[in-house]
Amino acid sequence: AQKVTQAQTEISVVEKEDVTLDCVYETRDTTYYLFWYKQPPSGELVFLIRRNSFDEQNEISGRYSWNFQKSTSSFNFTITASQVVDSAVYFCALIAGGTSYGKLTFGQGTILTVHP
Amino acid sequence: DAGVIQSPRHEVTEMGQEVTLRCKPISGHDYLFWYRQTMMRGLELLIYFNNNVPIDDSGMPEDRFSAKMPNASFSTLKIQPSEPRDSAVYFCASIAGQGVSFDTEAFFGQGTRLTVV
């Protein structure tokens, strides 16, 4: 069985601060896929990034960056110079190899509030 | 493309009534998923279809829940009879079939917020 833990239930920061959202996963499979989704106040889930277990390269996309470390089973997400528009619920999710396309196991989510 | 379209966006119903949630996946996507989001359990997969065929319904909580996909562009999730504990946000998601791999992202609709009173 697989599991995703997002220990931070809520984070509150002031605009322009950097913030890191933690994600720890558990799976017995050696092949797996990790995702981050954003849920803005409007409610839909928006895909942000994917990583497979064979690719430990960190990634940067504008103000967003992701740190994938297999040694600690973590896939953390950092927002640099946060903005009010970053306020949302962020979900980390996992698909273990051998399950199915799109069969995501989600963490509980982290509510991020960025204050002006 | 308009994305995954769900209707209604909000539904309030009385306990015991039948509720039908609707989903139109992205054209050309042949995997369709129904997820439920609650405070207690977070986001959990209820059922998914491939080429209109239900593949895994192990997440469907009870026999009161049923889902159908009569064609590639339409799916329903029905709850009969509804109960207050069914109150949640129900999401539909779809994935492109051609060239799909395990890291293919799912596209989600805006969800239907169901309240059973």
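All of these numbers come straight from a predicted model, not from anything done at the bench.

Quick look at the interface of chain B and chain A
Here comes step 1: Between chain B and chain A, the contact holds 25 residues from the first and 21 residues from the second.
Here comes step 2: Of the roughly 2100 Å² buried between chain B and chain A on both sides combined, carbon and sulfur atoms contribute 59%.
Here comes step 3: Between chain B and chain A we count 2 salt bridges in total.
Here comes step 4: Taking the shortest distance from any N to any O, the salt bridge between Lys103 of chain A and Asp56 of chain B comes out at 2.4 Å.

Considering the pairing of strand β8 (residues 64-69) of chain A
Residue and element names in this part refer to chain A.
Here comes step 1: In the sheet, strand β7 (residues 59-61) pairs with β8 via 3 bridges, with the strands oriented antiparallel. Note that in β8 the partner of Glu59 across the bridge is Trp66.
Here comes step 2: Where β7 folds back onto β8 in an antiparallel hairpin, the turn is made up of 2 residues, including Gly62, whose phi is positive at roughly 65°.
Here comes step 3: In this structure, β8 lies alongside strand β9 (residues 74-79), joined through 6 bridges in antiparallel fashion. Residue Trp66 lies in a different strand from β9, and its bridge partner there is Phe77.
Here comes step 4: Connecting β8 to the next strand, β9, in antiparallel fashion are 4 residues, including Ser73 with a positive phi near 50°.

Looking at the packing of aromatic side chains
Here comes step 1: Applying the stated rule across the entire model yields 22 aromatic pairs over all chains.
Here comes step 2: Centroid distance Phe106 of chain A to Tyr35 of chain B: 5.6 Å. Interplanar angle 85°. Geometry classified as edge-to-face. In this pair, Phe106 of chain A sits in strand β11 (residues 105-106) while Tyr35 of chain B sits in strand β4 (residues 29-38), so the two residues belong to two different chains. No difference in accessibility class separates Phe106 of chain A from Tyr35 of chain B, as the two residues are buried.
Here comes step 3: Taken together, Phe35, Tyr37, Phe47, Phe91 and Phe106 of chain A together with Tyr31, Phe33, Tyr35, Tyr48, Phe91 and Phe108 of chain B form an aromatic cluster joined through their ring pairs.

Calculation rules
- Residues numbered from 1 in each chain as written.
- Chains lettered and ligands numbered in written order.
- Predicted model: local features only at pLDDT ≥ 70, side-chain atom pairs only at ≥ 80, totals over all residues.
- Heavy atoms only, no water.
- Contact = heavy atoms within 4.5 Å.
- Buried area = accessible area lost by both parts, 1.4 Å probe.
- Salt bridge = Lys/Arg side-chain N within 4 Å of Asp/Glu carboxyl O.
- Pairing = 2+ DSSP bridges.
- Helix = DSSP H or I, 4+ residues; strand = E, 2+ residues; numbered from the N terminus.
- Phe/Tyr/Trp six-rings, centres within 6.5 Å; stacked < 30°, edge-to-face > 60°.
- Buried < 20%, exposed > 50% of the residue type's maximum accessible area, 1.4 Å probe, protein only.

Honestly, that's just the spatial picture; any functional story needs more than this.
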